[in-house]
Amino acid sequence: MVVTGIGAVLPTGRGPEALWSAWRQAQPALSPYRDPYVRTRKISHFGHVPDALQEESRDSVPHKLRKFGTPFTFNAVLAAQDAMAAAGESWQQVPEERRGLYVAQDDSTDLSAAAFHKALDNARTDHSPEAGVNLTRLVAEAFGNAATFNPFTVIRALNNNTLALISIAQRFRGDCAAFVQDAGAALGALQRAAFTLREGTCDTALVVGAGSYNEPLKLAAQYRAGHLTPGGPDGAAVRSFDAERDGTVLAEGAVALVLERAGDAAARGARPLVTFLGAALRPAVDSGVGPSALAEGPRGLLAEHGLTPDTLGALLADGKGTVRHDAAEAELLRALLKDSGVPVGSLRPVTGTLGAAGPLAELALAPHLFATGELPPIAHLRTPPDDGTDFVMGAPRKRRIDSVLSLHSTFNGFAGALLAQRPHTD
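Residues numbered from 1 in each chain as written. Predicted model: local features only at pLDDT ≥ 70, side-chain atom pairs only at ≥ 80, totals over all residues. Heavy atoms only, no water.

Where an unreviewed UniProt entry is consulted, the chain appears under the name Beta-ketoacyl synthase N-terminal-like domain-containing protein, with the organism given as Streptomyces endophytica. A UniProt comment under Sequence similarities (unreviewed entry) is attached to the chain, and it reads "Belongs to the thiolase-like superfamily. Beta-ketoacyl-ACP synthases family." (UniProt positions renumbered as here; feature names shortened; annotations may be inferred.)

The following block contains the structure:
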């Protein structure tokens, strides 16, 4: 399967070029945490989508549909729109019932605690007889429809909200599926898209990963679990694999990819950007599976496509930046690579932990790796684990890259990998 269109709405900006530029220059897109309805001194930084870009996302959604969406699903709609445009005008000729839609969404929903906070604030300043004491009105306000409580607005509280909004806004009527929770959802969506394309259920597939950790209960849970960097005098930095790492920074965003069979893409004159070979997903270390067993998944993925660690072009590690997650991943890398000399990079210090958009963001960067022959350094990495793994530090690593393996772990106990290759037409 080949990727012929890419769209991205991320803390680094709009499009894969903005993401590549920030990664190559080791410029993190993390800023002090801000939210009009959440006040905290515990969460120091966050990977916010820029305000102006968030407005562009909102504007990309038809006005009559906006009451059914959330800020992060608006990002998904814009990313999907950009991916479809990049795939070319002839892609639009694919019948609507032959377009597959596969969405990965974080467990980010409305009604949220912040939505109720906003509704309560509005109730305090509303002196009409119906305000304040009317619970139905308060719930309706929190759902964004204060005039009347329309049950259809409950769509905002569902984990398939992204799928619903994109399918309506972009007219997808074919096979569809929604996957939930963290990076594992994106890997599941990619697997399903590839399966339906192989089986002929659809002629093209749009895969979208979107979400946001900016919800009070989710932020609190990650803080209590000790996953977040406290942020020092110099601000927060995700120090993936560094001896001084002290936690991750959470983020938000959306990435969309158009996938199709290579022959179909060639027939309509589309330029393939990357070949998606496959993905693997299984329980992780948190579930009692050790690094050696975890290495079997990505190793099997490589073997399935005639690759070994010795012939792999580059590896993109998850690198969350927490003491525990990175220690486990360093063991996994040691078990998988075994001094093969494959250079290892990580996007995480630049974007923060993206959740469902993370694996798709790395797949979106593969065309740049192929075209430039450069693997950017891991930002902030000064003292890597002394385990023989070739972590890229300081400057981009010059190397011909024909294949990329990326590793991912979730906060809920799963680990996975995806494999991409330079298109044969290059």
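*Asks:* Sorry if this is basic, but what is going on with helix α3 (residues 71-86) here?
*Replies:* The periodicity of an α-helix, 3.6 residues per turn, causes residues three or four positions apart to be oriented the same way. Its 16 residues place the ends of α3 23 Å apart at the C-alpha level, agreeing with the 22 Å of an ideal helix rising 1.5 Å per residue. Counted residue by residue, α3 has twelve buried out of 16 residues, so it is predominantly covered. If you check which residues of α3 are buried, you get Phe-72, Thr-73, Phe-74, Asn-75, Ala-76, Val-77, Leu-78, Ala-79, Ala-80, Asp-82, Ala-83 and Met-84. At the C-terminal side of α3, Gly-88 shows a positive phi close to 105°. (Helix = DSSP H or I, 4+ residues; strand = E, 2+ residues; numbered from the N terminus. Expected span 1.5 Å × (residues − 1). Buried < 20%, exposed > 50% of the residue type's maximum accessible area, 1.4 Å probe, protein only.)

*Asks:* What exactly am I supposed to notice about the pattern of salt bridges here?
*Replies:* Side chains that carry opposite charge are capable of pairing whenever their charged atoms lie near each other. A full pass over the atoms with the stated rule returns 18 salt bridges. Close ionic contact of Arg-171 with Glu-96 constitutes a salt bridge, the shortest N to O distance being 2.7 Å. Here Arg-171, found in the loop between α6 (161-170) and β6 (176-180), pairs with Glu-96, found in the loop between α3 and β5 (99-105); they are 75 residues apart in sequence, far enough to count as distant. The exposure class assigned to Arg-171 is partly exposed, which follows from its relative accessible area of 43%. Two residues, Asp-402 and Arg-400, come together in a salt bridge whose shortest N-O distance is 3.0 Å. Overall, the relative accessible area of 30% leaves Asp-402 in the partly exposed class. What you see here is one network of salt bridges that share partners, running through Arg-98, Asp-203, Arg-261 and Asp-264. (Salt bridge = Lys/Arg side-chain N within 4 Å of Asp/Glu carboxyl O.)

*Asks:* Would you mind going over the packing of aromatic side chains with me for this structure?
*Replies:* Aromatic ring pairs: the centre-centre distance and the angle between the two ring planes describe each pair. What the rule picks out here adds up to five aromatic pairs. A centroid spacing of 4.8 Å and a plane angle of 35° characterise the contact between Phe-241 and Phe-391, whose relative ring orientation is tilted. Of the two residues, Phe-241 sits in the loop between α8 (216-224) and β8 (252-260) while Phe-391 sits in strand β13 (residues 390-391), which places them 150 residues apart along the sequence. Judged by relative accessible area, which is 1%, Phe-241 ranks as buried. Classification of Phe-391 by relative accessible area gives buried; the value is 5%. The positively charged end of Arg-99 is found above the aromatic ring belonging to Phe-172, 5.8 Å away from the centroid. (Phe/Tyr/Trp six-rings, centres within 6.5 Å; stacked < 30°, edge-to-face > 60°. Lys NZ or Arg CZ within 6 Å of the ring centre and 35° of its normal.)

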